[in-house]
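Each chain, written out:
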Amino acid sequence: MAAENSHYSVDGNGIQVGVTDERAEAFMSLSKKLQDDVQEAGEKIKYYDENVKYLKSLVVKLDDSISEMKAKMGNYERAANFKRKSDDPAQVPKMEDIFQCILQSKHSAAALLCRIKTNAEAKSCGHSLVKDVLGVVAILGKVNDANLSRIFAEYLGPETMLAIVCKTLEGVKAIESYTTDGLIDKSSGIHGLASSVGIAIDGRFDVICLENLRPCTVEKVSNDPQLRLELLQPRLANGEKPPGFLGFAVNMITIESTDLYSIHGAGHSLRDTLFYHLFSDLQVYRSREDMLKALPYIRKAAISLDGGIIRSPGVFALGPRRENVDICFPLSSGPSYPIDYFELQNQLKRIEWKKTRTLEDIPKEQELLDHARFKFEAKKNEFIQFIASSSSHATQYQMQPGSGVR
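Note that residues are indexed from 1 along each chain, following the sequence as it is written. Residues qualify for local features only when their pLDDT is at least 70, as the model is predicted, and side-chain atom pairs are given and counted only at 80 or more; totals for whole chains, interfaces and linings, by contrast, use all residues. With hydrogens and water excluded, all non-hydrogen atoms of the structure serve as input to the side-chain values.

Some details on the overall build of the protein chain
And step 1. When helices and strands are tallied, the protein chain shows 13 helices and 10 strands.
And step 2. In the protein chain, buried positions account for 40% of the 406 residues.
And step 3. Throughout, a residue-residue contact means that at least one pair of heavy atoms, one from each residue, lies within 4.5 Å. Look at the contacts in the protein chain between residues 6 or more apart in sequence, and 68% of them connect residues 24 or more apart.
And step 4. Per-residue and other accessible areas follow the Shrake-Rupley method at a 1.4 Å probe size, with only the shown protein chains counted as cover for residues. Put simply, the protein chain shows about 23700 Å² of open surface, and 53% of that area lies on carbon and sulfur atoms. Think of it this way: any DSSP run of H or I at least four residues long counts as a helix, any run of E at least two long counts as a strand, and we number them from the N terminus. Relative accessible area decides the class of each residue, using a 1.4 Å probe on protein chains only: under 20% of the type maximum gives buried, over 50% gives exposed, and in between gives partly exposed.

Notes on the nonpolar core
And step 1. Counting residues in hydrophobic clusters, the biggest one holds 58 residues, and the most contacted among them are Ile-102, Phe-152, Leu-274, Phe-275, Phe-279 and Phe-329.
And step 2. Among the elements that take part in this core, helix α6 (residues 146–156) stands out by supplying six residues, more than any other.
And step 3. Discounting residues that sit within four places of it in the chain, Phe-152 has contacts with Val-143, Ala-249, Met-252, Ile-253, Phe-279, Val-284, Ile-303 and Phe-329.
And step 4. Membership of the second largest hydrophobic core comes to 11 residues, among which are Ala-109, Ile-116, Ile-164 and Cys-166. The nonpolar core is taken to be a set of buried Ala, Val, Leu, Ile, Met, Phe, Trp, Tyr and Cys residues, with the residues joined through side-chain atoms within 4.5 Å.

Points about the state of the cysteines
And step 1. Put simply, a disulfide is two cysteine sulfurs that come within 2.5 Å. Throughout the structure, instances matching the rule amount to zero disulfides.
And step 2. With no disulfide of its own, Cys-209 lies 6.9 Å from the sulfur of Cys-166, the closest cysteine sulfur.

Focus on α6
And step 1. Of all 11 residues in α6, nine are buried; the element is thus mostly enclosed.
And step 2. By the burial criterion, the buried members of α6 are Ala-146, Leu-148, Ser-149, Ile-151, Phe-152, Ala-153, Glu-154, Tyr-155 and Leu-156.
And step 3. Gly-157 occupies a position one or two residues after α6 and carries a positive phi of about 90 degrees.

Examining the sheet that holds strand β3 (residues 133–136)
In a beta sheet, neighbouring strands are held together by backbone hydrogen bonds and run either parallel or antiparallel to one another.
And step 1. If you trace the three strands from one edge of the open sheet to the other, you get β3-β4-β5, paired in mixed fashion. Looking at strand neighbours, the two that pair on one side only are β3 and β5 (207–209), the edges of this open sheet. For this sheet, the mean angle separating the axes of adjacent strands, direction not counted, is 20 degrees.
And step 2. The criterion for strand pairing is that DSSP finds at least two bridges linking the strands in question. Sheet topology places strand β4 (residues 164–166) next to β5; three bridges connect them, and they run parallel. Among the inter-strand pairings, Ile-164 is bridged to a residue of β5, identified as Val-207.
And step 3. On top of the sheet, helix α3 (residues 109–117) reaches β3 and β4; it is set at about 125 degrees to β3, its chief contact. Axes here mean lines fitted to C-alpha atoms, for a helix over just the part in contact, with angles spanning 0 to 180 degrees between N-to-C directions.

Some points on the packing of aromatic side chains
And step 1. Aromatic pairing here means that ring centres of Phe, Tyr or Trp (its six-membered ring) are within 6.5 Å. Orientation follows from the plane angle: under 30 degrees is stacked, over 60 is edge-to-face, and everything else is tilted. Under the criterion given, the structure shown has six aromatic pairs.
And step 2. Look at Phe-152 and Phe-279: their rings are 5.0 Å apart centre to centre, the planes differ by 50 degrees, and that puts the pair in the tilted class. A residue pair is termed long-range when its members are at least 10 positions apart, and Phe-152 in helix α6 and Phe-279 in helix α11 (residues 271–279) qualify at 127 residues.
And step 3. Relative to Phe-279, the ring of Tyr-155 lies with its centre 6.4 Å away and its plane at 20 degrees, an arrangement referred to as stacked. Of this pair, Tyr-155 sits in helix α6 while Phe-279 sits in helix α11, placing them 124 residues apart in sequence.

Some details on the pairing of strand β9 (residues 309–312)
And step 1. Sheet topology places strand β8 (residues 302–304) next to β9; two bridges connect them, and they run antiparallel. Considered in β9, the bridge of Ile-303 is made with Ile-309.
And step 2. Remark: four residues form the turn of the hairpin made by β8 and β9, two consecutive strands paired antiparallel; Gly-307 in that turn has positive phi of roughly 105 degrees.
And step 3. The sheet contact formed by β9 and strand β10 (residues 315–317) spans three bridges and is antiparallel. Bridge pairing in β10 links Ile-309 to Ala-317.
And step 4. Counting the residues in the hairpin turn of β9 and β10 gives two residues, including Gly-314, whose phi is positive at 90 degrees.

Side note on the sheet that holds β9
And step 1. Taken together, the five strands give an open sheet; going across it, the order is β6-β7-β8-β9-β10, and neighbouring strands pair in mixed fashion. Among the strands making up the open sheet, the edge pair consists of β6 (245–248) and β10. Strand after strand, the sheet turns through a mean of 25 degrees between neighbouring axes, direction not considered.

Let's talk about the pattern of salt bridges
And step 1. Criterion for a salt bridge: a side-chain nitrogen of Lys or Arg within 4 Å of a carboxyl oxygen of Asp or Glu. Enumeration according to the criterion identifies 13 salt bridges in this entry.
And step 2. Between Lys-220 and Asp-272 there is a salt bridge, with its nearest N and O atoms 2.9 Å apart. Taken together, the residues Lys-220 in the loop between β5 and β6 and Asp-272 in helix α11 connect sequence positions 52 residues apart.
And step 3. Arg-299 is the partner of Asp-281 in a salt bridge, and the nearest nitrogen-oxygen pair spans 2.8 Å. Placement of the pair is Asp-281 in the loop between α11 and β7 (283–285) and Arg-299 in the loop between α12 (288–293) and β8, with a sequence separation of 18 residues.

A few points about a nonpolar patch on the surface
And step 1. A cluster of nonpolar side chains, Leu-292, Leu-295, Phe-316 and Leu-318, forms an exposed patch at the surface whose accessible area comes to about 400 Å².
And step 2. Positionally, Leu-292 belongs in helix α12. Patch membership needs two things, relative accessible area over 30% and no salt bridge, and members are linked within 9 Å if like-charged or within 5 Å if nonpolar (Val, Leu, Ile, Met, Phe, Trp, Tyr).

Looking at α3
And step 1. α3 sits mainly inside the fold: seven of its nine residues count as buried.
And step 2. Turning to α3, its buried residues are Ala-109, Ala-110, Ala-111, Leu-112, Leu-113, Cys-114 and Ile-116.

Some points on the packing of helix α2 (residues 95–104) against α3
And step 1. Where α2 meets α3, the closest approach of the two axes is 7 Å, and the angle between their N-to-C directions is 125 degrees. By the angle between their directions, the pair α2 and α3 is classed as oblique. α2 and α3 meet at a crossing whose hand is left-handed. Where α2 abuts α3, its residues Phe-99, Ile-102 and Leu-103 lie against Ala-110, Ala-111, Cys-114 and Arg-115.
And step 2. The nonpolar class holds Ala, Val, Leu, Ile, Met, Phe, Trp, Tyr, Cys and Pro. Asp, Glu, Lys and Arg form the charged class, and all remaining residues, Gly among them, are polar. Partitioning the contact of α2 with α3 into residue classes produces six nonpolar, no polar and one charged. Should an angle fall under 35 degrees it is called roughly parallel, over 145 degrees roughly antiparallel, and 65 to 115 degrees roughly perpendicular, with every other angle called oblique. Handedness of each helix crossing follows the sense of rotation of the near helix against the far helix: counterclockwise by less than a right angle gives left-handed, clockwise gives right-handed.

Pasting the structure below:
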(Lines give C-alpha, C1' and ligand atoms only; values in the text may rest on other atoms or scores of the structure.)
Protein backbone atom coordinates (compact mmCIF):
# COMPACT_ATOMS: atom_id res chain seq x y z
CA MET A 1 0.00 0.00 0.00
CA ALA A 2 1.36 3.37 -0.89
CA ALA A 3 2.48 5.45 1.99
CA GLU A 4 0.24 8.39 2.99
CA ASN A 5 1.51 11.73 1.63
CA SER A 6 3.16 13.69 4.42
CA HIS A 7 4.34 17.20 5.00
CA TYR A 8 7.56 17.46 7.02
CA SER A 9 9.37 20.17 8.84
CA VAL A 10 12.71 19.94 10.64
CA ASP A 11 13.03 20.93 14.27
CA GLY A 12 16.12 22.50 15.89
CA ASN A 13 17.72 19.09 16.42
CA GLY A 14 17.44 18.10 12.79
CA ILE A 15 14.58 15.71 13.47
CA GLN A 16 11.80 15.62 10.90
CA VAL A 17 8.36 16.32 12.29
CA GLY A 18 5.48 15.67 9.89
CA VAL A 19 1.72 15.63 9.51
CA THR A 20 -0.28 14.39 6.56
CA ASP A 21 -0.98 16.83 3.70
CA GLU A 22 -4.75 16.36 4.11
CA ARG A 23 -4.64 17.35 7.79
CA ALA A 24 -2.38 20.33 7.04
CA GLU A 25 -4.75 21.60 4.35
CA ALA A 26 -7.77 21.15 6.62
CA PHE A 27 -6.00 22.96 9.44
CA MET A 28 -4.98 25.87 7.20
CA SER A 29 -8.45 26.15 5.65
CA LEU A 30 -10.26 26.20 9.00
CA SER A 31 -7.69 28.56 10.48
CA LYS A 32 -8.14 31.00 7.58
CA LYS A 33 -11.93 30.83 7.85
CA LEU A 34 -11.83 31.61 11.57
CA GLN A 35 -9.38 34.47 11.01
CA ASP A 36 -11.65 35.86 8.26
CA ASP A 37 -14.65 35.63 10.57
CA VAL A 38 -12.79 37.54 13.29
CA GLN A 39 -11.66 40.18 10.77
CA GLU A 40 -15.18 40.55 9.33
CA ALA A 41 -16.64 40.91 12.83
CA GLY A 42 -14.02 43.55 13.63
CA GLU A 43 -14.84 45.48 10.46
CA LYS A 44 -18.53 45.46 11.40
CA ILE A 45 -17.64 46.92 14.79
CA LYS A 46 -15.75 49.71 13.04
CA TYR A 47 -18.63 50.29 10.59
CA TYR A 48 -21.37 50.54 13.24
CA ASP A 49 -19.14 52.52 15.61
CA GLU A 50 -18.54 55.10 12.87
CA ASN A 51 -22.29 55.19 12.17
CA VAL A 52 -23.09 55.92 15.81
CA LYS A 53 -20.43 58.64 15.99
CA TYR A 54 -21.70 60.19 12.73
CA LEU A 55 -25.34 60.20 13.89
CA LYS A 56 -24.41 61.79 17.23
CA SER A 57 -22.36 64.48 15.48
CA LEU A 58 -25.23 65.02 13.04
CA VAL A 59 -27.63 65.69 15.93
CA VAL A 60 -25.25 68.35 17.23
CA LYS A 61 -25.08 70.01 13.78
CA LEU A 62 -28.87 69.85 13.39
CA ASP A 63 -29.31 71.44 16.83
CA ASP A 64 -27.01 74.27 15.75
CA SER A 65 -29.00 74.75 12.53
CA ILE A 66 -32.29 74.74 14.44
CA SER A 67 -31.02 77.36 16.87
CA GLU A 68 -29.74 79.52 14.01
CA MET A 69 -33.03 79.31 12.08
CA LYS A 70 -35.11 80.10 15.16
CA ALA A 71 -32.93 83.14 15.78
CA LYS A 72 -33.46 84.35 12.18
CA MET A 73 -37.20 83.78 12.42
CA GLY A 74 -37.23 85.69 15.69
CA ASN A 75 -35.52 88.61 13.94
CA TYR A 76 -38.20 88.60 11.24
CA GLU A 77 -40.96 88.50 13.86
CA ARG A 78 -39.45 91.36 15.88
CA ALA A 79 -38.92 93.41 12.72
CA ALA A 80 -42.53 92.85 11.62
CA ASN A 81 -43.90 93.84 15.03
CA PHE A 82 -41.61 96.87 15.26
CA LYS A 83 -42.69 97.94 11.76
CA ARG A 84 -46.33 97.77 12.81
CA LYS A 85 -45.71 99.87 15.93
CA SER A 86 -43.55 102.47 14.19
CA ASP A 87 -45.96 103.22 11.32
CA ASP A 88 -47.52 106.67 11.58
CA PRO A 89 -51.29 106.04 11.93
CA ALA A 90 -51.99 109.24 10.01
CA GLN A 91 -50.00 107.97 7.03
CA VAL A 92 -51.39 104.43 7.03
CA PRO A 93 -54.16 103.86 4.47
CA LYS A 94 -57.04 101.98 6.10
CA MET A 95 -59.73 99.97 4.33
CA GLU A 96 -62.34 102.55 5.33
CA ASP A 97 -60.26 105.36 3.85
CA ILE A 98 -59.83 103.52 0.53
CA PHE A 99 -63.55 102.76 0.47
CA GLN A 100 -64.43 106.41 0.97
CA CYS A 101 -62.03 107.49 -1.77
CA ILE A 102 -63.69 105.06 -4.19
CA LEU A 103 -67.19 106.20 -3.21
CA GLN A 104 -66.26 109.82 -3.85
CA SER A 105 -66.09 109.01 -7.57
CA LYS A 106 -69.89 108.94 -7.76
CA HIS A 107 -70.08 108.35 -11.48
CA SER A 108 -67.63 105.43 -11.58
CA ALA A 109 -68.60 101.79 -11.92
CA ALA A 110 -66.30 100.93 -9.01
CA ALA A 111 -68.10 103.35 -6.68
CA LEU A 112 -71.53 102.03 -7.63
CA LEU A 113 -70.52 98.39 -7.14
CA CYS A 114 -68.87 99.16 -3.79
CA ARG A 115 -72.07 100.87 -2.70
CA ILE A 116 -74.08 97.82 -3.74
CA LYS A 117 -71.71 95.35 -2.07
CA THR A 118 -71.98 97.20 1.25
CA ASN A 119 -75.74 97.63 1.09
CA ALA A 120 -77.46 94.83 3.03
CA GLU A 121 -80.69 95.12 1.01
CA ALA A 122 -78.84 95.06 -2.29
CA LYS A 123 -76.73 92.06 -1.19
CA SER A 124 -79.85 90.06 -0.41
CA CYS A 125 -81.54 90.79 -3.73
CA GLY A 126 -79.67 87.99 -5.53
CA HIS A 127 -78.72 90.23 -8.46
CA SER A 128 -76.03 88.66 -10.69
CA LEU A 129 -73.86 91.75 -10.16
CA VAL A 130 -73.79 91.06 -6.43
CA LYS A 131 -73.26 87.30 -6.70
CA ASP A 132 -70.46 87.21 -9.26
CA VAL A 133 -68.53 90.41 -8.54
CA LEU A 134 -65.78 90.00 -5.92
CA GLY A 135 -65.05 93.70 -5.66
CA VAL A 136 -62.50 96.25 -6.82
CA VAL A 137 -58.78 95.49 -7.14
CA ALA A 138 -57.84 98.11 -4.52
CA ILE A 139 -59.83 96.41 -1.75
CA LEU A 140 -59.03 92.77 -2.57
CA GLY A 141 -55.47 92.94 -1.28
CA LYS A 142 -53.48 94.55 1.52
CA VAL A 143 -49.81 95.28 2.14
CA ASN A 144 -47.72 95.75 5.27
CA ASP A 145 -46.10 99.05 4.29
CA ALA A 146 -47.73 102.38 3.42
CA ASN A 147 -44.93 103.36 1.04
CA LEU A 148 -45.14 100.03 -0.77
CA SER A 149 -48.91 100.46 -1.08
CA ARG A 150 -48.50 103.74 -2.94
CA ILE A 151 -45.73 102.40 -5.19
CA PHE A 152 -47.87 99.40 -6.16
CA ALA A 153 -50.79 101.73 -6.89
CA GLU A 154 -48.62 103.99 -9.03
CA TYR A 155 -47.22 101.00 -10.93
CA LEU A 156 -50.69 99.59 -11.67
CA GLY A 157 -52.35 102.95 -12.34
CA PRO A 158 -55.79 104.22 -11.19
CA GLU A 159 -57.73 102.41 -13.93
CA THR A 160 -56.39 99.04 -12.81
CA MET A 161 -56.77 99.84 -9.11
CA LEU A 162 -60.45 100.61 -9.76
CA ALA A 163 -60.97 97.60 -12.05
CA ILE A 164 -63.96 95.41 -11.18
CA VAL A 165 -63.15 91.75 -10.53
CA CYS A 166 -65.66 89.07 -11.56
CA LYS A 167 -65.50 85.32 -11.08
CA THR A 168 -66.97 84.23 -14.42
CA LEU A 169 -67.60 85.46 -17.93
CA GLU A 170 -71.32 85.37 -17.19
CA GLY A 171 -70.69 87.96 -14.49
CA VAL A 172 -68.92 90.18 -17.02
CA LYS A 173 -71.86 89.87 -19.39
CA ALA A 174 -74.25 90.77 -16.57
CA ILE A 175 -72.43 94.05 -15.96
CA GLU A 176 -73.05 95.40 -19.43
CA SER A 177 -75.28 94.32 -22.33
CA TYR A 178 -75.89 95.75 -25.78
CA THR A 179 -78.72 96.50 -28.19
CA THR A 180 -79.02 94.92 -31.62
CA ASP A 181 -77.27 98.01 -32.97
CA GLY A 182 -74.22 97.38 -30.79
CA LEU A 183 -74.97 100.24 -28.40
CA ILE A 184 -74.85 99.96 -24.62
CA ASP A 185 -78.22 99.04 -23.16
CA LYS A 186 -78.63 101.69 -20.48
CA SER A 187 -81.62 99.90 -18.97
CA SER A 188 -79.75 96.75 -17.91
CA GLY A 189 -76.70 95.72 -15.94
CA ILE A 190 -74.69 98.29 -14.07
CA HIS A 191 -76.06 101.10 -16.26
CA GLY A 192 -79.61 100.17 -15.27
CA LEU A 193 -78.64 100.20 -11.60
CA ALA A 194 -76.93 103.57 -12.01
CA SER A 195 -80.01 104.98 -13.75
CA SER A 196 -82.23 103.73 -10.89
CA VAL A 197 -80.29 105.88 -8.41
CA GLY A 198 -80.16 108.90 -10.71
CA ILE A 199 -76.57 108.74 -11.96
CA ALA A 200 -74.80 107.71 -15.14
CA ILE A 201 -71.57 105.73 -15.44
CA ASP A 202 -68.95 108.13 -16.72
CA GLY A 203 -66.40 106.77 -19.20
CA ARG A 204 -64.86 103.36 -19.71
CA PHE A 205 -63.90 101.01 -16.88
CA ASP A 206 -61.93 97.78 -16.73
CA VAL A 207 -63.42 94.45 -15.70
CA ILE A 208 -61.19 91.46 -14.90
CA CYS A 209 -62.65 87.99 -15.35
CA LEU A 210 -60.86 85.43 -13.16
CA GLU A 211 -62.25 82.54 -15.16
CA ASN A 212 -60.39 83.72 -18.26
CA LEU A 213 -57.04 84.48 -16.65
CA ARG A 214 -54.16 82.07 -17.14
CA PRO A 215 -53.11 81.12 -13.59
CA CYS A 216 -49.50 80.90 -12.50
CA THR A 217 -48.40 77.26 -12.54
CA VAL A 218 -45.44 77.38 -10.13
CA GLU A 219 -45.61 75.57 -6.80
CA LYS A 220 -46.91 77.35 -3.72
CA VAL A 221 -44.81 77.83 -0.60
CA SER A 222 -45.72 74.88 1.62
CA ASN A 223 -47.29 75.58 5.01
CA ASP A 224 -47.86 79.22 4.03
CA PRO A 225 -51.45 80.20 4.87
CA GLN A 226 -51.17 83.01 2.31
CA LEU A 227 -50.34 80.57 -0.54
CA ARG A 228 -47.35 82.58 -1.76
CA LEU A 229 -45.70 81.43 -4.97
CA GLU A 230 -42.32 79.68 -5.26
CA LEU A 231 -41.10 81.99 -8.02
CA LEU A 232 -37.53 81.54 -9.27
CA GLN A 233 -35.51 84.20 -7.47
CA PRO A 234 -32.73 86.10 -9.26
CA ARG A 235 -29.25 84.78 -8.42
CA LEU A 236 -25.78 86.15 -9.01
CA ALA A 237 -22.98 83.95 -10.33
CA ASN A 238 -22.01 83.13 -6.73
CA GLY A 239 -25.54 81.97 -5.93
CA GLU A 240 -26.43 85.01 -3.81
CA LYS A 241 -29.45 87.25 -4.41
CA PRO A 242 -28.74 90.67 -5.98
CA PRO A 243 -28.07 93.31 -3.27
CA GLY A 244 -31.28 95.10 -2.30
CA PHE A 245 -33.62 92.46 -3.74
CA LEU A 246 -36.63 92.24 -1.40
CA GLY A 247 -38.88 89.80 -3.22
CA PHE A 248 -41.72 89.66 -5.71
CA ALA A 249 -44.65 92.07 -5.58
CA VAL A 250 -47.20 89.27 -6.04
CA ASN A 251 -46.01 87.69 -2.77
CA MET A 252 -46.12 90.98 -0.86
CA ILE A 253 -49.90 91.24 -1.14
CA THR A 254 -51.85 89.98 1.88
CA ILE A 255 -55.21 88.45 0.98
CA GLU A 256 -58.07 87.96 3.42
CA SER A 257 -58.80 84.28 4.04
CA THR A 258 -62.38 84.81 2.85
CA ASP A 259 -61.05 86.01 -0.53
CA LEU A 260 -58.04 83.70 -0.86
CA TYR A 261 -60.01 80.88 -2.49
CA SER A 262 -62.48 82.84 -4.55
CA ILE A 263 -62.43 80.65 -7.65
CA HIS A 264 -64.57 77.76 -6.54
CA GLY A 265 -63.81 74.35 -8.04
CA ALA A 266 -60.77 75.53 -9.99
CA GLY A 267 -58.13 74.99 -7.30
CA HIS A 268 -56.68 78.48 -7.74
CA SER A 269 -56.42 81.47 -5.45
CA LEU A 270 -56.57 85.21 -6.02
CA ARG A 271 -52.78 85.26 -5.79
CA ASP A 272 -52.03 82.91 -8.67
CA THR A 273 -54.78 84.40 -10.85
CA LEU A 274 -55.66 88.07 -10.21
CA PHE A 275 -52.47 89.32 -8.57
CA TYR A 276 -50.12 87.28 -10.73
CA HIS A 277 -51.95 88.72 -13.75
CA LEU A 278 -51.42 92.24 -12.38
CA PHE A 279 -47.83 91.91 -11.16
CA SER A 280 -46.42 88.81 -12.89
CA ASP A 281 -42.70 88.54 -11.92
CA LEU A 282 -42.42 92.17 -10.77
CA GLN A 283 -39.32 92.39 -8.58
CA VAL A 284 -39.02 94.78 -5.64
CA TYR A 285 -35.69 96.41 -4.67
CA ARG A 286 -34.67 98.55 -1.76
CA SER A 287 -33.37 101.42 -3.93
CA ARG A 288 -33.22 102.59 -7.51
CA GLU A 289 -29.45 102.09 -7.43
CA ASP A 290 -29.85 98.43 -6.41
CA MET A 291 -32.47 97.96 -9.10
CA LEU A 292 -30.28 99.36 -11.87
CA LYS A 293 -27.31 97.25 -10.80
CA ALA A 294 -29.55 94.17 -11.00
CA LEU A 295 -30.75 94.89 -14.55
CA PRO A 296 -29.24 91.67 -16.02
CA TYR A 297 -31.32 89.67 -13.52
CA ILE A 298 -34.66 91.45 -14.07
CA ARG A 299 -36.68 89.30 -16.45
CA LYS A 300 -39.78 91.46 -16.81
CA ALA A 301 -40.27 94.47 -14.53
CA ALA A 302 -39.10 95.96 -11.25
CA ILE A 303 -39.80 98.74 -8.77
CA SER A 304 -37.83 100.21 -5.88
CA LEU A 305 -38.94 101.62 -2.54
CA ASP A 306 -37.64 105.07 -3.49
CA GLY A 307 -39.91 105.25 -6.53
CA GLY A 308 -37.94 103.64 -9.36
CA ILE A 309 -40.01 101.80 -11.98
CA ILE A 310 -38.96 99.54 -14.85
CA ARG A 311 -42.18 98.64 -16.66
CA SER A 312 -40.65 96.12 -19.04
CA PRO A 313 -37.18 95.32 -20.42
CA GLY A 314 -35.82 98.65 -21.72
CA VAL A 315 -38.83 100.73 -20.60
CA PHE A 316 -38.16 103.06 -17.63
CA ALA A 317 -40.70 105.34 -15.90
CA LEU A 318 -38.90 108.63 -15.18
CA GLY A 319 -39.92 111.93 -13.60
CA PRO A 320 -41.14 112.72 -10.08
CA ARG A 321 -43.21 110.09 -8.32
CA ARG A 322 -46.83 110.75 -7.45
CA GLU A 323 -47.01 111.91 -3.84
CA ASN A 324 -50.79 111.91 -3.47
CA VAL A 325 -52.13 108.48 -4.38
CA ASP A 326 -55.66 108.25 -3.04
CA ILE A 327 -56.61 104.82 -4.36
CA CYS A 328 -54.03 102.38 -3.03
CA PHE A 329 -53.94 99.11 -1.10
CA PRO A 330 -54.91 99.33 2.59
CA LEU A 331 -52.50 98.22 5.28
CA SER A 332 -52.83 94.68 6.58
CA SER A 333 -54.13 94.40 10.14
CA GLY A 334 -51.45 92.03 11.47
CA PRO A 335 -47.71 91.55 11.05
CA SER A 336 -46.71 90.43 7.59
CA TYR A 337 -43.60 88.36 7.04
CA PRO A 338 -41.47 88.12 3.89
CA ILE A 339 -41.40 84.87 1.94
CA ASP A 340 -37.94 84.11 3.41
CA TYR A 341 -39.67 83.70 6.79
CA PHE A 342 -41.87 80.90 5.46
CA GLU A 343 -38.94 79.31 3.64
CA LEU A 344 -37.09 79.24 6.97
CA GLN A 345 -40.19 77.83 8.63
CA ASN A 346 -40.30 74.99 6.11
CA GLN A 347 -36.57 74.33 6.42
CA LEU A 348 -36.92 74.27 10.20
CA LYS A 349 -39.67 71.65 10.01
CA ARG A 350 -37.57 69.50 7.67
CA ILE A 351 -34.51 69.75 9.93
CA GLU A 352 -36.53 69.00 13.07
CA TRP A 353 -38.00 65.98 11.27
CA LYS A 354 -34.48 64.87 10.29
CA LYS A 355 -33.30 65.27 13.89
CA THR A 356 -36.21 63.14 15.13
CA ARG A 357 -35.38 60.39 12.62
CA THR A 358 -31.69 60.59 13.55
CA LEU A 359 -32.44 60.27 17.26
CA GLU A 360 -34.52 57.19 16.44
CA ASP A 361 -31.67 55.70 14.38
CA ILE A 362 -28.98 56.09 17.06
CA PRO A 363 -30.27 53.33 19.41
CA LYS A 364 -30.81 51.04 16.41
CA GLU A 365 -27.20 51.50 15.29
CA GLN A 366 -26.00 51.17 18.89
CA GLU A 367 -27.83 47.83 19.16
CA LEU A 368 -26.15 46.65 15.95
CA LEU A 369 -22.79 47.81 17.33
CA ASP A 370 -23.32 45.91 20.59
CA HIS A 371 -24.29 42.79 18.65
CA ALA A 372 -21.21 43.15 16.44
CA ARG A 373 -18.98 43.41 19.53
CA PHE A 374 -20.60 40.32 21.05
CA LYS A 375 -20.14 38.42 17.80
CA PHE A 376 -16.52 39.59 17.56
CA GLU A 377 -15.76 38.29 21.05
CA ALA A 378 -17.41 34.98 20.20
CA LYS A 379 -15.43 34.61 16.97
CA LYS A 380 -12.20 35.64 18.70
CA ASN A 381 -12.71 33.08 21.48
CA GLU A 382 -13.54 30.42 18.90
CA PHE A 383 -10.30 31.17 17.06
CA ILE A 384 -8.25 31.13 20.29
CA GLN A 385 -9.79 27.79 21.28
CA PHE A 386 -9.04 26.40 17.84
CA ILE A 387 -5.39 27.44 18.07
CA ALA A 388 -5.11 25.95 21.57
CA SER A 389 -6.84 22.75 20.49
CA SER A 390 -4.69 22.46 17.38
CA SER A 391 -1.50 22.81 19.44
CA SER A 392 -2.68 20.10 21.83
CA HIS A 393 -3.55 17.75 19.00
CA ALA A 394 -0.21 18.38 17.30
CA THR A 395 1.67 17.49 20.53
CA GLN A 396 -0.32 14.30 21.01
CA TYR A 397 0.20 13.37 17.36
CA GLN A 398 3.95 13.77 17.64
CA MET A 399 4.07 11.43 20.69
CA GLN A 400 2.18 8.60 18.92
CA PRO A 401 4.14 5.66 17.32
CA GLY A 402 4.42 6.08 13.57
CA SER A 403 3.71 9.76 13.80
CA GLY A 404 6.60 10.58 11.57
CA VAL A 405 8.92 11.73 14.35
CA ARG A 406 12.43 10.34 13.97
